[in-house]
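# Understanding the architecture of this molecule
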Amino acid sequence: MGKEKLWGYIDRNGEMVIEPKFHGAGNFHEGLAVVKVDWARGFIDREGNYVVEPKYQYAGPFRDGKAKVMLDDVWEYIDHEGKKVGDAEPENMADDSVAPEEPIPTAKGKKFGYADKDGKFVIKPHYLQAKPFSEDRAAVLVLSE
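Residue numbers run consecutively from 1 along every chain, following the written order of its sequence. Local features in this predicted model are restricted to residues of pLDDT 70 or higher, and side-chain atom pairs are both shown and tallied only at a pLDDT of 80 or more, whereas totals for entire chains, interfaces and linings draw on every residue. For side-chain calculations, the full set of non-hydrogen atoms in the structure is used, while hydrogens and water are omitted.

Residue-level pLDDT values for the chain average 88, and 90% of them are 70 or greater. pLDDT gives the predictor's per-residue confidence on a scale running from 0 to 100. Only heavy atoms matter for contacts: two residues are in contact if any of them lie within 4.5 Å across the pair. Taken as a whole, residues 92-100 scores under 50 in pLDDT and shows twelve contacts with residues more than four places along the chain or in a different chain.

The next thing to look at is the packing of aromatic side chains. We describe a pair of aromatic rings using the distance from one ring centre to the other and the angle between the two ring planes. By convention, a stacked pair of Phe, Tyr or Trp rings (six-membered ring in the case of Trp) has centres within 6.5 Å and planes under 30 degrees apart, an edge-to-face pair has planes over 60 apart, and any other such pair is tilted. Summed over all chains, the structure comprises five aromatic pairs. Residues Tyr9 and Phe28 carry aromatic rings whose centres are separated by 5.1 Å and whose planes lie at 65° to one another, so their mutual orientation is edge-to-face. Of this pair, Tyr9 sits in strand 1 (residues 4-10) while Phe28 sits in strand 3 (residues 24-29), placing them 19 residues apart in sequence. The two residues Tyr9 and Phe28 agree in class, both being buried. Remark: a charge is flagged as sitting over a ring if the NZ atom of Lys or the CZ atom of Arg is within 6 Å of the ring centre and within 35 degrees of the ring normal. We note Lys66 situated over the ring of Tyr77; from NZ or CZ to the ring centre the distance is 4.4 Å. The positively charged end of Lys131 is found above the aromatic ring belonging to Trp7, 5.2 Å away from the centroid. Secondary structure elements are taken from DSSP: a helix is a run of H or I of four residues or more, a strand is a run of E of two residues or more, and numbering for both begins at the N terminus. Relative accessible area decides the class of each residue, using a 1.4 Å probe on protein chains only: under 20% of the type maximum gives buried, over 50% gives exposed, and in between gives partly exposed.

Bringing the sheet that holds strand 4 (residues 32-37) into the picture now. To summarise the sheet geometry, strands pair through backbone hydrogen bonds and adopt either a parallel or an antiparallel arrangement. What makes two strands pair is DSSP finding at least two bridges between them. Read from one edge of the open sheet, four strands run 3-4-5-6, paired in antiparallel fashion. This sheet does not close on itself; its edge strands, each paired only once, are strand 3 and strand 6 (50-56). Neighbouring strand axes in the sheet, compared pairwise and without regard to direction, differ in orientation by 15° on average. Sheet analysis places strand 4 next to strand 5 (residues 40-44), joined by five bridges and oriented antiparallel. Among the inter-strand pairings, Val35 is bridged to a residue of strand 5, identified as Gly42. To obtain each axis, a line is fitted to C-alpha atoms, and for helices this fit is confined to the stretch in contact; angles are then taken between N-to-C directions over 0 to 180 degrees.

Given below as structure tokens:
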């Protein structure tokens, strides 16, 4: 099998804390992050353990204890354990805003790293893509073996 582009998570020191094994990765909200495996989306905790197994066509971030998901073309809200807590209307729930004090994903050439507010790299650019930090974790795309 050849190399594959996969998402993992780094900490503020640039250390890989959740190994790259996801086809897509979102920011952490309320201690959980949406990840994509093949076509399905689920949720992991800050250690990379599945809290809600990937099975959803769509999954948005947690807000006020619930996340909007779509399963079999039906929209609903789930709790942190994946239990349905209500019906939902389709809409875009994505909001991965960056707090100004956070290191910002910054490109240098074709690689991404993280720069402080003055533009100085605090994590060297060597990722294919990078997302903002959220709850001390940031999703990064790497070329896996």
